[in-house]
Amino acid sequence: QVQLVESGGGLVQPGGSLRLSCAASGSIFMINSMGWYRQAPGKQRELVAQITRGGSTNYVDSVKGRFTISRDNAGNTVTLQMNSLKPGDTAIYYCNMRNVVGVYWGQGTQVTVSS
């Protein structure tokens, strides 16, 4: 069984910063990638940022230059540093992990950007 434990969401003013973390544990086997998706009310879930086993990163255009994804040396924890946050970043953020067995999701953490 795989567990993805997320932390770091909350309320922040426009222009502020938040850091999200996700720790994978359990039968994780070989992780191919970890990342973050988000879903705003009335919208489809979208990929925000992803980091592969090889260290390659991928970002949705709307967050490039503002968000940075990284992982620890063991590769089991991924962090999303979010700077210059905008109201449009408001959403539930979900941690995602892909390994040789399948795809796994965290429960989600709310990020609200509002004055």
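Residues numbered from 1 in each chain as written. Predicted model: local features only at pLDDT ≥ 70, side-chain atom pairs only at ≥ 80, totals over all residues. Heavy atoms only, no water.

All right, on to the pairing of strand S9 (residues 91-99) then. Burial within S9 is extensive, with seven of its nine residues counted as buried. As judged from the eight bridges shared by strand S4 (residues 31-39) and S9, these two strands associate in the antiparallel manner. Bridging across to S9, Trp-36 finds its partner in Cys-95. Two elements, S9 and strand S11 (residues 109-113), share three bridges in a ladder whose sense is antiparallel. (Buried < 20%, exposed > 50% of the residue type's maximum accessible area, 1.4 Å probe, protein only. Helix = DSSP H or I, 4+ residues; strand = E, 2+ residues; numbered from the N terminus. Pairing = 2+ DSSP bridges.)

Further remarks concern the nonpolar core. Residues Met-34, Trp-36, Leu-80, Met-82 and Tyr-93 are the most contacted members of the largest nonpolar core, which totals 29 residues. Contributions of two or more residues to this core are made by strand S1 (2-7), strand S3 (18-26), S4, strand S5 (46-52), strand S7 (67-71), strand S8 (77-82), S9 and S11. The residues contacting Met-34, other than those within four sequence positions of it, are Leu-4, Cys-22, Ala-24, Gln-50, Ile-51, Ile-69, Gly-75, Asn-76, Val-78, Cys-95, Asn-96 and Met-97. (Core = buried A, V, L, I, M, F, W, Y, C linked by side-chain atoms within 4.5 Å. Contact = heavy atoms within 4.5 Å.)

All right, on to the pattern of salt bridges then. Taken as a whole, this structure holds four salt bridges when the rule is applied. Note that Arg-38 and Glu-46 form a salt bridge whose closest N and O atoms lie 2.7 Å from each other. Here Lys-64 ties to Asp-61 by a salt bridge, and the two come within 2.9 Å at their closest N and O atoms. Relative accessible area serves as the criterion here: at 61%, Asp-61 is assigned to the exposed category. (Salt bridge = Lys/Arg side-chain N within 4 Å of Asp/Glu carboxyl O.)

Our next topic: the packing of aromatic side chains. Scanning all chains against the criterion turns up one aromatic pair. Look at Tyr-37 and Trp-105: their rings are 4.9 Å apart centre to centre, the planes differ by 70 degrees, and that puts the pair in the edge-to-face class. On the criterion of sequence distance, the pair formed by Tyr-37 in strand S4 and Trp-105 in strand S10 (residues 103-105) is long-range, its members being 68 residues apart. Over the face of the ring belonging to Tyr-94 we find Arg-45, whose NZ or CZ atom lies 3.8 Å from the ring centre. Over the ring of Trp-105 we find Arg-45; its NZ or CZ atom is 4.6 Å from the centre of that ring. (Phe/Tyr/Trp six-rings, centres within 6.5 Å; stacked < 30°, edge-to-face > 60°. Lys NZ or Arg CZ within 6 Å of the ring centre and 35° of its normal.)

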